[in-house]
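# Per-entry structural report
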Amino acid sequence: MRKEKKTTDNWENLQNFQARPDDIVVSTFPKAGTTWVSYILDLLYFGNTAPECQTSLPIYFRVPFLESAFPGLPSGVEQVNKLPTTPRLIKTHLPVQLLPKSFWEQNCRVVYVARNAKDNAVSYFHFDRMNKAEPEPGDWNTFLQTFMDGKHIILFGPWYDHVRGYWEKKQTYSNIHYMFYEDMVGDTVREFEGLCSFLGLSPSVEDRERVIQGVHFEQMKQNKMTNYTTVPGFDTKETTFMRKGKVGDWKNHFTVAQNEKLEERYKQKMKNITLQFRTEI
Ligand code: A3P
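Presented here is an overview of the structure given in this document.

## A look at the overall build of the protein
- What the protein contains, in helices and strands, is 14 helices and 4 strands.
- In terms of overall dimensions, the protein is globule-like: its C-alpha atoms have a radius of gyration of 18 Å, near the 19 Å expected for 281 residues.
- Projected onto its principal axes, the C-alpha positions of the protein cover 50 × 50 × 40 Å.
- Burial statistics for the protein: of 281 residues in total, 56% are counted as buried.
- For the protein, the proportion of contacts with a sequence separation of at least 24, taken over those separated by at least 6, is 75%.
- Carbon and sulfur atoms make up 53% of the accessible area of the protein, which amounts to about 13,600 Å² in all.
- Taken together, the 36 basic and 34 acidic charged side chains of the protein have centroids lying 2 Å from each other.

Below, the structure is given as structure tokens:
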């Protein structure tokens, strides 16, 4: 019987990962805008110095997925350790308490992106429909129920704990830049400026324009290096990775009853926290 590789097979290696002080971590609950922010960072740091990579190396190799363990590929840890770049840009979906401690010890910068629970659930549902490496999501109602209850069938969950965990960590660890997908859609330029200021970067006007243009939804959707059409396990007959890129698509999926139920669960799970999300802009 073939033994599948799993993140947990590599757990010790992952937890002992040695960070470098200039590493930059992009952390998200899946489907919150990981690829978008990863590509912004990649263009910011390497758009000028390694332009050939922009046309030949998909974003998931340039910003490796730390905890990944896919059959036939080096583990995420191995990929990060082989990165020739400085800084190393590292993607993760690990909840805050599972991030290898070396990142905190080295005082690495962490860019966290959060997305409102309703749109995050919709995006995840569609992603699971196309991602043949994950279990079938079932119908929308079943999927939503699992998501709302914070059941662990959904990897890296529950959503509530993920967004809350990084928010709370930020109160004591100043090197977290906490961003919202809704703000990025609402005012990409302002969010880009905020990110640059966190990173201590002041790109030229030309570079700013180049990045802002390149990371536009339609551009990334057409770009084979960012649209994930190069991944064999993604069945794009179902839907596409770069699906809609909107705030408020949940309104096309939720029934009134589903919305009421989520709101109720949300109130229970997210009490006593200053973290606020927008579900429309
Ligand atoms: P939708 O499924 O709602 O369209 P991740 O990279 O974390 O997997 O997130 C994927 C989600 O981010 C998808 O959401 C995708 O369309 C959206 N996204 C990716 N790039 C984007 C961009 N440049 N602008 C807006 N949304 C983007």
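## With respect to the environment of Leu73
- Of note, Leu73 is situated in the loop between helix H4 (59–62) and helix H5 (76–82).
- Leu73 gets classed as partly exposed once you look at its relative accessible area, which sits at 33%.

## Here we look at the site of the ligand
- Around the ligand, 18 residues are found, and the nearest of them are Thr34, Thr35, Ser123, Tyr181 and Lys244.
- One of the side-chain nitrogen or oxygen atoms of Tyr181 is found 2.8 Å away from a nitrogen atom of the ligand.
- In isolation the ligand has 570 Å² of accessible area, and contact with the protein removes 97% of it.
- Among the secondary structure elements, those contributing two or more residues to the shell around the ligand are helix H2 (34–46) and helix H13 (217–222).
- Of the residues forming the shell around the ligand, the biggest block, 3 residues, is contributed by H2.
- For the shell around the ligand, the per-class residue count stands at 8 nonpolar, 6 polar and 4 charged.

## As for the pairing of strand S4 (residues 176–180)
- For S4, the buried fraction is high: 5 of the 5 residues fall into the buried class.
- Taking every second residue as pointing to the same face, both faces of S4 are buried, with Ile176, Tyr178 and Phe180 on one and His177 and Met179 on the other.
- Relative to S4, strand S3 (residues 109–114) is paired through 5 bridges, and the arrangement is parallel. Within the sheet, the bridge partner assigned to Tyr112 lies in S4 and is Tyr178.

## Some words on H2
- An ideal rise of 1.5 Å per residue puts 18 Å on 13 residues; H2 measures up with 18 Å between its terminal C-alpha atoms.
- For H2, a buried count of 13 out of 13 residues is recorded, marking the element as mostly surrounded by other parts of the structure.

## Notes on unusual backbone geometry
- Here the amide bond leading from Thr86 into Pro87 is cis, since omega sits at -5°, within 30 degrees of zero.
- Mapped onto the elements, Pro87 comes out in the loop between H5 and strand S2 (89–92).
- Across the junction of Gly157 and Pro158, the peptide omega takes the value -5°, indicating a cis bond.
- Structurally, Pro158 can be placed in the loop between helix H8 (140–149) and helix H9 (159–170).
- The backbone phi angle of Lys31 is positive, close to 80°, even though this residue is not glycine.
- In this structure, Asn272 is a non-glycine residue whose phi angle is positive, near 60°.

## A few points about the side chain of Gln258
- Relative to the helices and strands, Gln258 resides in helix H14 (residues 256–269).
- The class for Gln258 is buried, based on a relative accessible area of 10%.
- A distance of 2.8 Å separates polar atoms of two side chains, one belonging to Gln258 and the other to Asn141.
- Polar side-chain contacts of Gln258 include one of 2.9 Å to the backbone nitrogen of Thr255.
- The contact partners of Gln258, leaving out residues within four places of it in the chain, are Trp140, Asn141, Leu144, Met148 and His253.

## Re a nonpolar patch on the surface
- On the surface, a nonpolar cluster with roughly 300 Å² of combined accessible area is contributed by Leu57, Phe61, Phe70 and Leu73.
- Relative to the elements of secondary structure, Phe70 occurs in the loop between H4 and H5.
- Given the relative accessible area of 38%, Phe70 is considered partly exposed.

Rules of the game
- Residues numbered from 1 in each chain as written.
- Predicted model: local features only at pLDDT ≥ 70, side-chain atom pairs only at ≥ 80, totals over all residues.
- Heavy atoms only, no water.
- Helix = DSSP H or I, 4+ residues; strand = E, 2+ residues; numbered from the N terminus.
- Rg over C-alpha atoms; globule rule 2.2 N^0.38 Å.
- Buried < 20%, exposed > 50% of the residue type's maximum accessible area, 1.4 Å probe, protein only.
- Contact = heavy atoms within 4.5 Å.
- Areas by Shrake-Rupley, 256 points an atom, 1.4 Å probe, with all protein chains shown as cover.
- Lys, Arg positive; Asp, Glu negative; His and termini not counted.
- Charge placed at Lys NZ, Arg CZ, Asp CG, Glu CD.
- Near = heavy atom within 4 Å.
- Polar contact = N/O pair within 3.5 Å; in protein donor to acceptor, adjacent residues only side chain to side chain.
- Nonpolar A, V, L, I, M, F, W, Y, C, P; charged D, E, K, R; others polar.
- Pairing = 2+ DSSP bridges.
- Expected span 1.5 Å × (residues − 1).
- Patch = residues over 30% accessible without salt bridge, like charges linked within 9 Å, V, L, I, M, F, W, Y side chains within 5 Å.
- Salt bridge = Lys/Arg side-chain N within 4 Å of Asp/Glu carboxyl O.

It is worth stressing that arrangement in space is one thing and function is another; only the former is reported here.
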